[in-house]
Structure formats: C-alpha cells, structure tokens
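# Examination of the molecular architecture
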Amino acid sequence: MQNMYRLISAILGVMAVPLVALAQVTVTESETEFTLANEVLTARVSKRSGDLVSLAHRSVEMLTDKSGHPGGYWSHDTTGGQETRTRITIDPRGNGGARGEVSVKGISGGKKMGHGPGVPRDAEGDLAVDIEIRWSLGRGESGIYTYCTFEHPANYPAGAFTEARFAAKLADMFDWITVDAKRDKHYPASRREGDKYIYTALQSENPASGWSSTTQRTGFWLINPSMEYMSGGPTKVEFLCHRDTTPVAAPIVLNYWRSSHYGGAVVEVAEGERWSKIIGPFMLYVNTDGDPKSLAADARTQWTKEVAKWPYDWVAGVDYARRAERSIVRGQFALSDPHATSKTFPNLRVGLTAAAYTSTFARSGAPAPGRVIDWQQDGKNYQFWARGADNGRFSIPNVRAGTYTLRAFADGVLGEFAQANVTVKAGQPLDLAMLEWKPVRRGKQLWEVGVPNRNGSEFAGADKFFDPAMPLNYAKQFPDDVTFIVGKSDFRRDWFFQHVPHNENPAAKVEPFYGIRSAGRATPYAIRFDLGSAAPRGRAILRVAICGSGAREIGVTVNDAPAGKIDRLLVDGAITRHSIQGLWYERELAFDAALLKAGANVLTLTIPAGPINNGVIYDYLRLELDESAPVAKGD
C-alpha cells in the first residue's frame, strides 16, 4: 500500500497527499458562494465578485481576511456591471468526480468595470468589458486553477485598462519569501523593510514563486504554465510576491498580466472593436512537509508538469485554443555579420508577437498617447516566446492561429531581428527554414563596452541591483567617477551599472517607493581609447543600448568638444525601483569624425545634475566609424 501511495503521489505531483486524495471532487453552492472540494483542498468562491474567499488545505486556512482586500482576487472583478451570472461550468457529477469548475460573470452592459489597486471598490471602473472569472479543481490536485476572460463587444465604448493583476493575500504563518535565487529568505512580518520593489523580478524566469511557512512546513505558490497571456514578453520585470503595505503586512503572491511598472504596458480597445483575451489558467499550488528550499524545488517540479499539460484539455466554452487548434513554428537563424567574433546565439529568445501600434489613451502607468507600442509594452495581445539553441535553431510550441511579427534577440548581438506578416494556421506546423539575421552596422567598430544582453548585469555593482542604496554607493565606489580605458579596463570592475548623478550629500538617504530624491552633481563617464597614427575621417556613430532610465538626456563630448546629446530617453523607473532592467532601446549619435584624432582620444558621457534617481542603466555601448559617409549630426 505504501508503494502504491508513493506511485500515485509521483504521478499527481502532490507532496504528502494520502491515498484518499483520489476521492471525488464536489461542488456545492449557497446563495452567496460556491464551494469546491477534494480531499486536499476546500475553496470558497464569492458569487458576487468571483473572489476566492477561502482556500483551506486539510482544514488549515491558506488566506487572510485581515489585510485590505482579503483573500484571492482579480483586480478587475465581476462587480459594477449591469448584471452578474453564476453557474457550474464543469459539474463533477457528470465526470465521475474528476473535475469541478465554477463561473462568475459580470455583464457590463456598457458600464465601466474593474480598476487597478489603490482605487475604492465602489469607484467607476476602467472600461466597459464583460468579465468572467472561473475556478477549477481536479481530483487529487493540491492546487486550484483560476482564469479570467475579458470580452469587449463591438457595441461597447472605447476604453483602456489601468494596472491589472491577480493577487492572493496569505495567512500570517507564511514567513519565507521565494522570488528568485537572490531573493529567497526568511521574511517575517516583523521585518519591516518598507520597500516592496526590492522583490520585483523577471516574470518569465520565475514562473513558480511564492511563500513558505517555516513553522507549519507548508508552501503556497503561483504557477504560470504559459506566459502567452502576460504583458511585456520575456524581459518584463514585475512584482511576483512581497508583503502588503498595510499595517498587517500580509504575504502576497501576484500575477501582473497588465504591467504598470518599469515602462508599464498597454491594453486599449477602440469603439466598434470586438476584443477578447483569456488570462490563465494558472495554478495556486499548496505543498507540505518540507523546508523552504525543498518546497520551492517541488513547486518548480510542479511547474514543469503544468507546462507539459498546457493547453489544458478541460477548458471549454471560452475563446481558448485547444491543442489541436494550435501550431508549432520552427526555424533557424544564420548570423550575417562580418564583424562578429562568433556566429552563435547565446541565450537566444524567439517570439511571435503583434505588430507595433500607436497608443491613443492617457492612462496611469501607461505610455503617453502617440507612443509606438512594441512587444515590450503590449498587454492587449497574446505573445508566444521560446528559448532557441546556440546554433540558431528554435521551436515555438502552442501558437494560436493568427498573423504575427517574428522577433528574436540574443546575447552578443546588438539589436533585434524582426520579420513581419508571419501567418500561423490552426493545427498546421510552420517551418520558416533558414532566416538570415543581419545586425545593423554603421561602420567599422572602434570599441565596445559591455555585452548586448538587454540588462546591465555584467557591470560593477549589478550583483546587488535590488539594494535601494546602490545609487548612493556609486559615489563611494567611484569617488572620482568612471574612467574606462579601452583595452585595459574591465567593465565588470571599472564601469558602475548605474550612471547616476554623483551624491555629495552625506545625509542623503533612501525613501521607500521613491528611491533617492536628493540631488547630486553631474557625473561624467570618460572612455579613453587610442586610434593609432592615422587621423579618422568621415562620420563617427556612437551607438548606445539603454535598458533603464530616469534621465531625459546624456551629454556627449569628444576630446572636450561638444558632440551632441543622446536624448528622447524613456523614463521607466528602473533605478528608482531597484531593477537591473526596464525598457530596452537603442539611441545613436552621429558626429564629425574630425572631432577624433590620431593617438589618444576621450569620449565623455555626462548625466546632468539632478535627483540621484535620474540616471541610466546601459546595456551596451559601441563606437563605429563610417569613413565613406558625409558628416551628419543627430541620431
């Protein structure tokens, strides 16, 4: 019998679930709630809002009712519309008790529904959209699934989402946070760190994050089996879990599907437009009988099992593409770059996304109207990303039918591959064969600093990027500012990852949520290099890849003569909110090569004086020379 128990536990992926977990799932209802139960979990769902009112594991409550909006909830819930409809969408009595599912649907009728956090629940909502929230529980499962469908009929008015997320506030027994390898620690409520932005991380790299209880040896995890419904693609940084900012300081797990941080995201729907999107299903997983490390490892194992099951075969009645309706897209890149030292593609990411479009709404946490929105800020459409091999081969599974732009980026390759109008047909594999990737080159390369990898991780100080005091530490570590000598200096040691105003105030301090608002002096980063005996001619092009910014511009001089400014920088809060990356983009500054000379040269980048948050995080810098080109200033 014990061997059978071990076998069943291994198959189900559940820790410490006895044999009776194979008992039938039940769904019951009262006037105000649904109750879903198996022998592991009991979940209560509000018929008014779709909130998860309670989630008990073997009669032990996992959620709290003491912190602001309690329990588990979608920020855009089913209240505020014309009517609310409830039903049992999967009745376990009809499938031998294998699975139960319930639905709470709010019909807008043209009324605005849902809003981001911090807004009173009775306030006017974001936009007119029908919202359906479902909860699903299977036999023997130690986790409950939730997903939300948003539908905008063509006769509803135009609108846009503000910040949109799912959150679950946990019981006070949870005292160990696991975000990623750097943020994995004992974190009791008494440890009032005050700044939740310490715990933001890449969503795509941490699909199973959560909390553990060191006293009850129990874990609670949010598991995303797919990232197709999330905003911002594989480089999006967001909250995964932290402590609530109320006096209760409840542990929270979060799923931000429409980001509002580090450049935010956009979901805008026009009048007359029919639009829908399903967020999820994702899993709230509970495991037991382990320390935080083993519970986290088990959660990651559970994630791999959920990925293998995606798309779930039990989802029905909504616009959710089943496995037979999806396709796999394959291909291989060949690098065409005579200046490249390697023809491989380390850390290759390949995706199918919507084409770029223009933002039209002015909303909190979103780009300004008129801004071009690419995949980094798109939350309206599905995105499908996969890791490729170093040899350029890639395979993107489970792609919904549609027309996409194929995109790719890799470490060591400046820029991004893009090919528009890739049409994927339902159920039909697509082989794109060999694709030539020809990175942009403006001329011969004179020097480079860093590695093009979409973040500042290779630079000095970046290993502690989440420390709010890092902008102040720059002045301590580089009291005379940065002087980088090409061919001698090491960017891992000699180039600080945050180019920020230089603090000279010994009383300057970090303010939670706001970073460092006191001012610093202008900060020069000097790059010294030798051009040999021949004087350059033509046009020089400074190419700067930026992955985080609070500054609006960077001044550039060459041998102490003004060469121009790198401007139109995108403010994304990456420094203020302690990240290693935000929005990635490239800026170029062309100048007359006559500013250069034979022998020793110095190019200086200067961040203006101002609030210490107002700096930049570089991804990569390169100086190129086009000796055949006429002089042209600007980028």
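Residue numbering note: each chain is counted from 1, following its sequence as written. Totals for whole chains, interfaces and linings use every residue, but because this is a predicted model, local features are given only for residues with pLDDT of at least 70 and side-chain atom pairs only at 80 or more, for both listing and counting. Only heavy atoms go into the side-chain values, all of them from the structure, while hydrogens and water stay out.

### Overview of the overall build of the chain
Heads up, the condition is: Helix and strand labels come from DSSP, where a helix needs a run of H or I of at least four residues and a strand needs a run of E of at least two; each type is numbered from the N terminus. Atoms considered for the radius of gyration are the C-alpha atoms alone. The globule rule reads 2.2 Å times the number of residues to the power 0.38. Partly exposed residues are those whose accessible area sits between 20% and 50% of the maximum for their type, while under 20% is buried and over 50% is exposed, using a 1.4 Å probe and protein chains only. Contacts: residue pairs with any heavy atoms within 4.5 Å of one another. Only the protein chains shown count as cover for residues, and all accessible areas are computed by the Shrake-Rupley method using a 1.4 Å probe.
Helix and strand counts for the chain come out as four helices and 44 strands. Relative to the compact-globule value of 26 Å for 635 residues, the chain shows a C-alpha radius of gyration of 26 Å, a close match. Dimensions of the chain, computed from the C-alpha atoms along their principal axes, are close to 85 × 55 × 55 Å. When each of the 635 residues of the chain is scored for burial, the buried share is 58%. Taking the contacts inside the chain whose residues are at least 6 apart along the sequence as the reference set, 73% of them involve residues at least 24 apart. Summed over all atoms, the accessible surface of the chain reaches about 24,800 Å², with 50% contributed by carbon and sulfur.

### As for the environment of S549
To keep it simple, the criterion reads: Counted as a polar contact is a pair of N or O atoms within 3.5 Å, where, for protein atoms, one must be capable of donating a hydrogen and the other of accepting one, and residues adjacent in sequence contribute only when both atoms are in side chains.
Inspection of the secondary structure puts S549 in strand β38 (residues 539–549). Counting along the chain gives 25 residues from S549 to A574, while the straight-line C-alpha distance between them is 6.3 Å. Not counting the four nearest positions on each side in its chain, S549 is found in contact with L569, L570, V571, D572, G573, Y585, G615 and V616. A distance of 2.9 Å separates a polar atom in the side chain of S549 from the backbone oxygen of A551.

### Observations regarding the packing of aromatic side chains
How we decide: Classification of ring pairs rests on two measures: the distance between centres of Phe, Tyr or Trp rings, Trp counted by its six-membered ring, which must be within 6.5 Å, and the angle between planes, read as stacked under 30 degrees, edge-to-face over 60 and tilted in between. The rule is short: NZ of Lys or CZ of Arg within 6 Å of the ring centre and within 35 degrees of the ring normal puts a charge over the ring.
Going through the model one piece at a time under the given rule, you end up with 43 aromatic pairs. Relative to F239, the ring of Y197 lies with its centre 4.8 Å away and its plane at 40°, an arrangement referred to as tilted. Here Y197, found in the loop between β16 (184–186) and β17 (200–202), pairs with F239, found in strand β20 (residues 237–239); they are 42 residues apart in sequence, far enough to count as distant. A centroid spacing of 6.2 Å and a plane angle of 85° characterise the contact between Y197 and F513, whose relative ring orientation is edge-to-face. In this pair, Y197 sits in the loop between β16 and β17 while F513 sits in the loop between α4 (491–494) and β36 (519–520), placing the two residues 316 residues apart along the sequence. Linked through ring pairs, F459, Y474, F478, F484, F491, W495, F496, F497, Y525 and Y618 together constitute an aromatic cluster. Across the ring face of W314, the terminal group of R99 is positioned such that the distance to the ring centre comes to 4.5 Å. The aromatic ring of Y320 is capped on one face by R326, whose charged end is 5.5 Å from the ring centroid.

### A short note on unusual backbone geometry
Cis geometry marks the peptide bond from G280 to P281, where omega comes out at 0°. The step from W310 to P311 runs through a cis peptide bond, and the omega angle for that step is -5°. Even without a glycine there, the phi angle at Y262 is positive, about 55°. Checked against the element boundaries, Y262 lands in the loop between β22 (251–258) and β23 (268–269). Even without being glycine, F513 reaches a positive phi, approximately 80°.

### Re the pairing of strand β26 (residues 349–353)
Here is the rule we go by: Pairing between strands is defined by DSSP: at least two bridges between the two strands are required.
A large share of β26 lies buried, amounting to five of its five residues. With burial as the criterion, each face of β26 is covered, one bearing R349, G351 and T353 and the other bearing V350 and L352. Bridging between β26 and strand β31 (residues 402–409) involves five bridges; their strand directions are antiparallel. Within the sheet, the bridge partner assigned to R349 lies in β31 and is F409.

### Some details on the side chain of Q383
Along the chain, Q383 turns up in the loop between β28 (372–373) and β29 (384–387). By relative accessible area, which is 2% here, Q383 ends up buried. Within the structure, the side chain of Q383 is placed 3.0 Å from the backbone oxygen of W375, a separation counted as a polar contact. A polar atom in the side chain of Q383 sits 3.4 Å from the backbone oxygen of D378. Setting aside residues up to four positions removed in sequence, Q383 forms contacts with M227, E228, G232, G233, L352, T353, W375 and D378.

### What to know about the nonpolar core
Using the following cut-off: Residues grouped as a nonpolar core are buried Ala, Val, Leu, Ile, Met, Phe, Trp, Tyr and Cys residues, joined through side-chain atoms within 4.5 Å.
Residues F220, F333, L406, W495, L542 and L605 are the most contacted members of the largest nonpolar core, which totals 162 residues. Sorting elements by how many residues they give to this core places strand β24 (residues 275–288) first, with eight residues. The contacts of W495, once residues within four sequence positions are left out, are V449, F459, A460, F478, V482, F484, D490, Y525, I527, L605, Y618 and L621.

### A short note on the side chain of N455
Examined against the element boundaries, N455 turns out to sit in the loop between β34 (444–450) and α3 (470–477). Of the polar contacts made by the side chain of N455, one reaches the side chain of S457; its length is 2.5 Å. Among all residues touching N455, those that are not within four sequence positions of it are C547, I580, Q581, Y618 and D619.

### Some words on the sheet that holds strand β41 (residues 585–592)
Note the cut-off: Axis definition: a line fitted to C-alpha atoms, limited for helices to the stretch in contact. Angles are taken between N-to-C directions and run from 0 to 180 degrees.
Read from one edge to the other, the open sheet built from four strands follows the order β34-β44-β38-β41, with strand pairing classed as antiparallel. The outermost strands of the open sheet, each flanked by one partner alone, are β34 and β41. Within this sheet the neighbouring strands show an average axis-to-axis angle of 15°, counted without direction. Pairing of β34 with strand β44 (residues 616–626) involves six bridges; the strand directions are antiparallel. Residue pairing for β44: Q445 is matched across the bridge by E624.

### Looking at the sheet that holds β26
Strand order in this open sheet of four strands is β29-β26-β31-β32, and the pairing throughout is antiparallel. Taken across any chain shown, the strands that pair with only one partner, and hence form the sheet edges, are β29 and β32 (417–424). When the angles between neighbouring strand axes are averaged without regard to direction, this sheet yields 20°.

### As for the pattern of salt bridges
Between side chains of opposite charge, a pair can form as their charged atoms come close. Which entries qualify depends on this criterion: By convention in these notes, a salt bridge is any Lys or Arg side-chain nitrogen within 4 Å of a carboxyl oxygen on Asp or Glu.
Within this structure, the stated rule accounts for 33 salt bridges. For R387, the salt bridge goes to E205, with nearest N and O atoms at 2.8 Å. Taken together, the positions of R387 in strand β29 and E205 in the loop between β17 and β18 (208–213) put the pair 182 residues apart, joining distant regions of the chain. You can call R387 partly exposed: its relative accessible area is 48%. A salt bridge links E588 to R543; the shortest N-O distance between them is 3.4 Å. Taken together, the residues span a long stretch of sequence, with E588 in strand β41 and R543 in strand β38 at a distance of 45 residues.

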